[in-house]
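For reference, the chains in residue letters:
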Amino acid sequence: MKKTFKLIASPLLAAAMLLTGATAFGAGIDKAVVGGEGQLLSQVSTSAGKGDLGETNGKAAEATFRAPWSLLPLADGSVLIADARSQLIRKLSGNEISSFAGITISKDAYNYPIGGLLDGKENTAVFQQPKGLAADTKGNIYVADEKNHAIRKIDKDGNVTTLAGNGVFGNKDGKGKEASFKFPQDVAATSDGTVYVADTLNNEIRKITADGTVTTLNAPSKRVVEVVPGQVVPAGEYADGPLATAKFNEPTGIVIDSKGNLYVSDSGNQLIRYVDLTSNTVTTVAGSTSVQYAKSELYVSGDFADGAAAQAKFNFPRGLALTPDGGLLIADSLNHSIRYLKDGVVKTIAGEKDGYGGSADGTERNAELHHPSDVAVLGDGSLLVADAYNNKIRKIDFYDLPAGITADGTIKVVYGNKKIEFDAQPELSNDRTMVPVRIITEALGFAVKFDENPQTTEQTVDLSKGDATVRLTIGKAEVQKIVKNGSATTKTIDAPPYIKEDRTYVPVRFFAEELGLDVQWDNATRTVILRDKLAK
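Values in this document were obtained by computation on a predicted structure and should not be read as measured data.

**Section: the pattern of salt bridges**
In the structure shown here, the tally under the stated rule is 33 salt bridges. Among the salt bridges present, the one from Arg432 reaches Asp494, with a minimum N-O distance of 3.6 Å. In this pair, Arg432 sits in strand β38 (residues 432-436) while Asp494 sits in the loop between β43 (488-492) and β44 (498-500), placing the two residues 62 residues apart along the sequence. Taken together, the salt bridges that share partners define one network made up of Lys50, Asp52 and Glu62.

**Focus on the UniProt feature "repeat: NHL" (unreviewed entry) in the protein**
Mapped onto this numbering, the UniProt entry annotates "repeat: NHL" (unreviewed entry) at residues 127-157 and 175-211. As annotated, residues 127-157 has a helix share of 0% and a strand share of 52%, and its two end C-alpha atoms lie 18 Å apart. Counted over residues 175-211, helix gives 0% and strand 41%. Its end C-alpha atoms are 8 Å apart.

**Describing the pairing of strand β24 (residues 271-276)**
Of all six residues that make up β24, five are buried, and the element is covered over most of its length. Bridge count between strand β23 (residues 262-266) and β24: five bridges; the pairing is antiparallel. Each bridged residue has a counterpart across the sheet, and for Ser265 the counterpart in β24 is Ile272. Counted between consecutive antiparallel strands, the loop separating β23 from β24 contains four residues, among which Gln270 sits at a positive phi close to 60°. Strand direction decides the pairing type here: β24 and strand β25 (residues 281-286), joined by five bridges, are antiparallel.

**Focus on the side chain of Asn140**
Note on placement: Asn140 falls in the loop between β10 (130-135) and β11 (141-145). If we skip the residues at most four places from it in the chain, Asn140 touches Ala134, Ala135, Lys153, Ile154, Asp155 and Lys156.

**Some details on the packing of aromatic side chains**
Counted by the stated rule, this structure contains four aromatic pairs. Consider the rings of Tyr299 and Phe316, whose centres lie 5.2 Å apart with planes at 80°: the pair is edge-to-face. With Tyr299 in the loop between β25 and β26 (307-308) and Phe316 in the loop between β26 and β27 (317-322), this residue pair connects regions lying 17 residues apart in the sequence. Here Tyr299 falls in the partly exposed class, since its relative accessible area comes to 27%. The ring of Tyr112 has Arg66 sitting right over it, with the charged end atom 5.0 Å from the ring centre. Taking NZ or CZ as reference, Arg152 lies 4.8 Å from the ring centre of Phe127, over its face.

Conventions adopted
Residues numbered from 1 in each chain as written. Predicted model: local features only at pLDDT ≥ 70, side-chain atom pairs only at ≥ 80, totals over all residues. Heavy atoms only, no water. Salt bridge = Lys/Arg side-chain N within 4 Å of Asp/Glu carboxyl O. Helix = DSSP H or I, 4+ residues; strand = E, 2+ residues; numbered from the N terminus. UniProt positions renumbered as here; feature names shortened; annotations may be inferred. Buried < 20%, exposed > 50% of the residue type's maximum accessible area, 1.4 Å probe, protein only. Pairing = 2+ DSSP bridges. Contact = heavy atoms within 4.5 Å. Phe/Tyr/Trp six-rings, centres within 6.5 Å; stacked < 30°, edge-to-face > 60°. Lys NZ or Arg CZ within 6 Å of the ring centre and 35° of its normal.

Below, the structure is given as structure tokens:
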């Protein structure tokens, strides 16, 4: 059952208001506060990038990227970034962005860097649209160098070599340059240096041993699609079962779990697949197995739905990351969101499918992403997102209650990371949480004015901020919004304000709807959580 509640308001001086508490962020995904309908509470901010196209290093807030595609946290706390269209591997360390590998050799007529295939030291090597990143326990970095149709290796001494592939697309097993790939987009590495590849346009999962020998694990697709009259192109297929006969449709993300098996983003099928390398089987772990292709369509139609994994829906899922609690994070690129698969259920962590093209920071579902292509878990439990089409690196911090909030039976109210102290306790009235109005509204920056009309005996409370005033009438379940030009609108709220012991109490839903706040309820501690939907 969805729980609703109310807040209380009181005519106290602002000086009587005390805000206390410690930071409310820093919880891992397994410790995050759970709000309504099972939503994990978090805050999305921008960690690096100002959104402009470029390759500028320096302070993270002023750095520029060109479609940052993949993320790789390192043991020292820094994070590597595959900056795909800059043809570079960049590094985020603290609050600084620097170059890690690759150089710009020239630019095209549109001012985009031109890539190439050249091995050497990290400051002389050349990449061509590097995407997926992975590392082994020896400190070697592996790169899915997409448009070079190759897998590159950066050793701990900064030497860049080509592990497999030769710069020309194809589909051939073999050793080193004898092997060929077709637009590989991601890699995953084991401790012994074995590398698994999401070979995207070959619709295959490939394996590379430490000596560079490439083998193909699944069956090739035989499907072709006439995309326009007279033009036929190869396309992926779908089949679970034995690995040798399993089929994929443009796999773009791959990660190794604690058992040594693989999760795969089967993007063209809108599925998350699982490759068990012990039993050599492939199963679908999220998304519908009723795969159907429309005529002349390369892919299954994408959609959006949370819930039981078998009924969940995605729209071109890409990068994957495992969480310490055994869950799987999914960069659901065309739904512009980060999804979370755990215990057979899919939830949305951040972003919203209808937030297309946005870049706003804010609370989990009010924040906006634009084609997120990868997600990574940091040591403190927070997440980083490669927000590719915003040319930014975003951070997701999970919400925890301020210090001192306990399950003592009383109703409490927090605003962000601060507890609001009242001189009269919030209370329940007709199943609604009510709070004294003056303290809470002045905490949010509103001026409060009380008025009584002697002709009608109506008592009103005006809450003003900027060019707008919100007017409440005692005993009436309605609110009137008056803007600077004098126009006004009236709407119903979920409970009427009332006066008790010289304090005016109002419902929490009013704040959510009229003051632009997000309102959540933590049932374990009986705490109302107020947060700004968008970052200020």
